[in-house]
Amino acid sequence: MDNQVPPRKVPNFCSIRYGIALLLLLCNVIVMSQRVCMSLTMIAMVNSTEPHGLSNTSTKEPQDNIKNPVYNWSTEIQGIMLSSIFYGILISQIPAGYLSGIYSLKKMVGSALLLSSLFTLLIPLAAEFGEALVIICRVIQGLFQGIALTTQQVVWIKWAPPLEQVRLTSLSLSGLLLGPCVVLLITGFICDSLGWPMVFYIFGACGCALSLLWLVLFYEDPKDHPCISKSEKEYITSALAQQNGLLSSLPHLFAWIFAILAGHMADVFLSRNILSLLTIRKLFTLLGLLLPALFSLCLLYLSSSFHGTMIFLILANATGSFCMGGILINVLDIAPRYYGFLKGFTNVIGLTGGLVASTVTGVILSQDQDSPWLKIFFMMVANNVISLIFYLIFAKAEIQDWAKETQNTYL
């Protein structure tokens, strides 16, 4: 068999894949700008010196009645307005992740950014009709922002060579940190010179323009892009083709096996009265959180060969499935009446944590050139250990009083 020559690495500059990363960076800047700007414009939107009577009473300065309308909103209403966008973001996470594997990423990211921008443009008009309409606009805006933030990360499955995945992802996600900086720099100036509605018009218009640019320039697959060079296309496709599909699937295969093993062992311990239910939950949570932390440390210090690295990597990923017999099913023990709601709520928290972890990882990788992965792994280990200690102290396995069925007795 002839030995294949590895593809020549294409320079980063003037490449399509880095152009896509730049587009996503700008997308994240716009998304964060649209999300955060109301925190600053609220100062100009609300007349804090007037008593809070009618919730949407508009008081306007004689010389500033067009560019800076002022509303008599209570502090409670202001808080709801500022936080309402996050409800939309959280609600959209799971559906967006599911739909990203079915529908076109080009249309999903572009349409989500466009619709988020359109609802940003509508906020000044919505404010004239009442605070309820502003809250609705913000929730819908959050829905589309959540879709844009979740689906954009799937882009790198086909566009990022394995050795550049972290670099490209961190570059695009850095826009989430740059966005608030942009808002803080220019929002005050726009409010003073043009009026606070122009803040929403400017960021909304920029988002609309960028979404159209995305729809024109982005293609789902490097093979279909009309402007990509032959060398870059071959570099990306060859690098992705050289990933060992078997090795990539092994962590998931073993995670599935360990999950089945954990469920069977937990039921055996319970049915034979070997351990109490609370002890079983704590035991499997201990295994599911401590073993990944242990094997992650082994991955850092004991994996001197390729096979050692693969073994520890598989075990670090797969042993987390022991939590299936512990904390992941514990909600059913303490509150079966509210299991669906609590499970959905905890899933959203977990997804939010994943988003934060990706952002923090990108920041560490971009700022630390010496030993970034050491810090990332230690943070993961610390998180597992702290979570485990908290669970071992406070865990319960009996139905709580607030979750018990109430029976009304009639005489």
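See above for the structure.
The shown structure was predicted, so the numbers you read here are calculated from the model rather than taken from an experiment.

Caption draft 1: Molecular detail of the overall build of the protein chain. Looking only at helices and strands, one finds 15 helices and two strands in the protein chain. For the protein chain, the proportion of its 411 residues judged to be buried stands at 40%. Within the protein chain, counting contacts between residues at least 6 apart in sequence, those at least 24 apart form 79% of the total. As displayed, the protein chain has an accessible area near 22600 Å², and 69% of this comes from carbon and sulfur atoms.

Caption draft 2: Quick look at the pattern of salt bridges. For the coordinates displayed, the defined rule picks out three salt bridges. Between glutamate 232 and arginine 17 there is a salt bridge; the shortest N-O distance is 3.1 Å. With glutamate 232 in helix H9 (residues 230-241) and arginine 17 in helix H1 (residues 16-45), this residue pair connects regions lying 215 residues apart in the sequence. Assessed through its relative accessible area of 0%, arginine 17 is described here as buried. Residue aspartate 221 pairs with lysine 158 through a salt bridge whose shortest N-O separation is 3.8 Å. Of the two residues, aspartate 221 sits in the loop between helix H8 (197-217) and H9 while lysine 158 sits in helix H5 (residues 156-159), which places them 63 residues apart along the sequence. The class of aspartate 221 is buried, set by a relative accessible area of 16%. Residue lysine 158 is classed as partly exposed on the basis of its relative accessible area of 42%.

Caption draft 3: Quick peek at the packing of helix H11 (residues 277-301) against helix H15 (residues 372-394). Between H11 and H15, whose axes approach to 10 Å, the crossing angle comes to 165°. When the axes of H11 and H15 are compared, the pair comes out roughly antiparallel. Crossing of H11 against H15: the hand is left-handed. Of the residues in the contact of H11 with H15, the class split is 18 nonpolar, four polar and two charged.

Caption draft 4: Representation of the nonpolar core. Ranked by size, the top nonpolar core spans 28 residues in total, and within it Ile20, Val155, Trp156, Trp159, Trp214 and Phe218 carry the most contacts. The set of elements that each furnish at least two residues to this core consists of H1, helix H3 (105-129), H5, helix H6 (165-173), H8 and H9. Looking at this core, the element that brings in the most residues is H1, giving 10 residues. Not counting the four nearest positions on each side in its chain, phenylalanine 218 is found in contact with Ile20, Leu105, Lys106, Val155 and Trp159. The next biggest cluster of nonpolar side chains, apart from the first, holds 22 residues, and it includes Met38, Ile190, Trp196 and Val199.

Caption draft 5: Just the packing of aromatic side chains, in detail. Under the definition given, this model contains 10 aromatic pairs. Geometrically, the ring pair formed by phenylalanine 119 and phenylalanine 144 is stacked, given 6.3 Å between the ring centres and 25° between the ring planes. Here phenylalanine 119, found in helix H3, pairs with phenylalanine 144, found in helix H4 (residues 131-151); they are 25 residues apart in sequence, far enough to count as distant. Ring centres of phenylalanine 284 and phenylalanine 322 lie 6.4 Å apart, and the angle between their planes is 40°; this geometry places the pair in the tilted category. Of this pair, phenylalanine 284 sits in helix H11 while phenylalanine 322 sits in the loop between helix H12 (306-318) and helix H13 (327-334), and the two are 38 residues apart along the sequence. Residue class for phenylalanine 322 comes out buried when judged on its relative accessible area of 9%. An aromatic cluster is built from Tyr71, Trp73, Trp196 and Phe200, whose rings are joined through pairwise contacts. Above the plane of the ring of tyrosine 219 lies lysine 106, whose end atom (NZ or CZ) is 4.6 Å from the centre.

Caption draft 6: Examining the side chain of asparagine 68 more closely. Examined against the element boundaries, asparagine 68 turns out to sit in the loop between strand E1 (58-59) and strand E2 (70-71). A polar side-chain atom of asparagine 68 sits 3.0 Å from the main-chain amide nitrogen of tryptophan 196. Excluding its chain neighbours within four sequence positions, the residues that come into contact with asparagine 68 are Ala44, Cys191, Gly195 and Trp196.

Criteria and cut-off values
- Residues numbered from 1 in each chain as written.
- Predicted model: local features only at pLDDT ≥ 70, side-chain atom pairs only at ≥ 80, totals over all residues.
- Heavy atoms only, no water.
- Helix = DSSP H or I, 4+ residues; strand = E, 2+ residues; numbered from the N terminus.
- Buried < 20%, exposed > 50% of the residue type's maximum accessible area, 1.4 Å probe, protein only.
- Contact = heavy atoms within 4.5 Å.
- Areas by Shrake-Rupley, 256 points an atom, 1.4 Å probe, with all protein chains shown as cover.
- Salt bridge = Lys/Arg side-chain N within 4 Å of Asp/Glu carboxyl O.
- Axes fitted to C-alpha atoms, helices over the stretch in contact; angles between N-to-C directions.
- Parallel < 35°, antiparallel > 145°, perpendicular 65-115°, else oblique.
- Left-handed = near helix turned anticlockwise from the far one by under 90°.
- Nonpolar A, V, L, I, M, F, W, Y, C, P; charged D, E, K, R; others polar.
- Core = buried A, V, L, I, M, F, W, Y, C linked by side-chain atoms within 4.5 Å.
- Phe/Tyr/Trp six-rings, centres within 6.5 Å; stacked < 30°, edge-to-face > 60°.
- Lys NZ or Arg CZ within 6 Å of the ring centre and 35° of its normal.
- Polar contact = N/O pair within 3.5 Å; in protein donor to acceptor, adjacent residues only side chain to side chain.

Coordinates in, geometry out; function isn't part of it.
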